[in-house]
Amino acid sequence: MNNKPSQPLLHRVAESGRATVPFTLDGQPASALVGDTLLTAILTQCGQLRRNEFSNEPRAGFCMMGACQDCWVETASGERLRACSTLIEPGMALCTGGPSA
């Protein structure tokens, strides 16, 4: 699959009845749903969680269960969070290192 990092990787097809959670992604306003992980919140907005620190290639998580170390994302303040197991919270400021970061 050849998604540009700016295109959402995930798309909601059915469930949308939960309350929304406002956050910022790469400095831009975004929203997720209550109970979303950071991984879901980010990938419904763009096509990557972060850029690989060695190759600078886009990454989007791998194991989805907190074992592989591939889904770490940073907050605007520099805190590192595991995207597959951290729930989105109102006001979070997340960074992907993508084109608009």
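Residues numbered from 1 in each chain as written. Predicted model: local features only at pLDDT ≥ 70, side-chain atom pairs only at ≥ 80, totals over all residues. Heavy atoms only, no water.

Q: Got a minute to help me understand the pattern of salt bridges in this structure?
A: It is possible for side chains bearing opposite charge to pair when their charged atoms get close. Per the stated rule, a full pass over the model turns up 3 salt bridges. Residues Arg18 and Asp36 are paired through a salt bridge, measuring 3.2 Å at the closest nitrogen-oxygen approach. Residue Arg18 is found in the segment before β1 (20–25), and its partner Asp36 is found in the loop between β2 (28–33) and α1 (38–43); the two are separated by 18 residues along the sequence. Look at Arg18 and you get partly exposed, because its relative accessible area is 27%. For Asp36, a relative accessible area of 4% corresponds to the buried category. With a shortest N-O distance of 3.1 Å, Arg50 and Asp70 are connected by a salt bridge. Note that Arg50 is positioned in strand β3 (residues 50–51) and Asp70 in the loop between β4 (58–59) and β5 (72–75), a separation of 20 residues in sequence. One exposure class covers both Arg50 and Asp70, and it is buried. Among the ionic contacts, a cluster of salt bridges with common partners joins Arg12, Arg18 and Asp36. (Salt bridge = Lys/Arg side-chain N within 4 Å of Asp/Glu carboxyl O. Helix = DSSP H or I, 4+ residues; strand = E, 2+ residues; numbered from the N terminus. Buried < 20%, exposed > 50% of the residue type's maximum accessible area, 1.4 Å probe, protein only.)

Q: Is there a simple way to explain the sheet that holds β2 in this structure?
A: Taking strand neighbours across the sheet as the criterion, the 5 strands line up as β2-β1-β7-β5-β6 in an open arrangement whose pairing is mixed. With one partner strand each, in any of the chains shown, β2 and β6 (80–82) form the two edges of the open sheet. For this sheet, the mean angle separating the axes of adjacent strands, direction not counted, is 45°. The pairing of β1 with β2 spans 6 bridges and is antiparallel. Looking at β2, one finds that Val21 is bridged to Ala32. (Pairing = 2+ DSSP bridges. Axes fitted to C-alpha atoms, helices over the stretch in contact; angles between N-to-C directions.)

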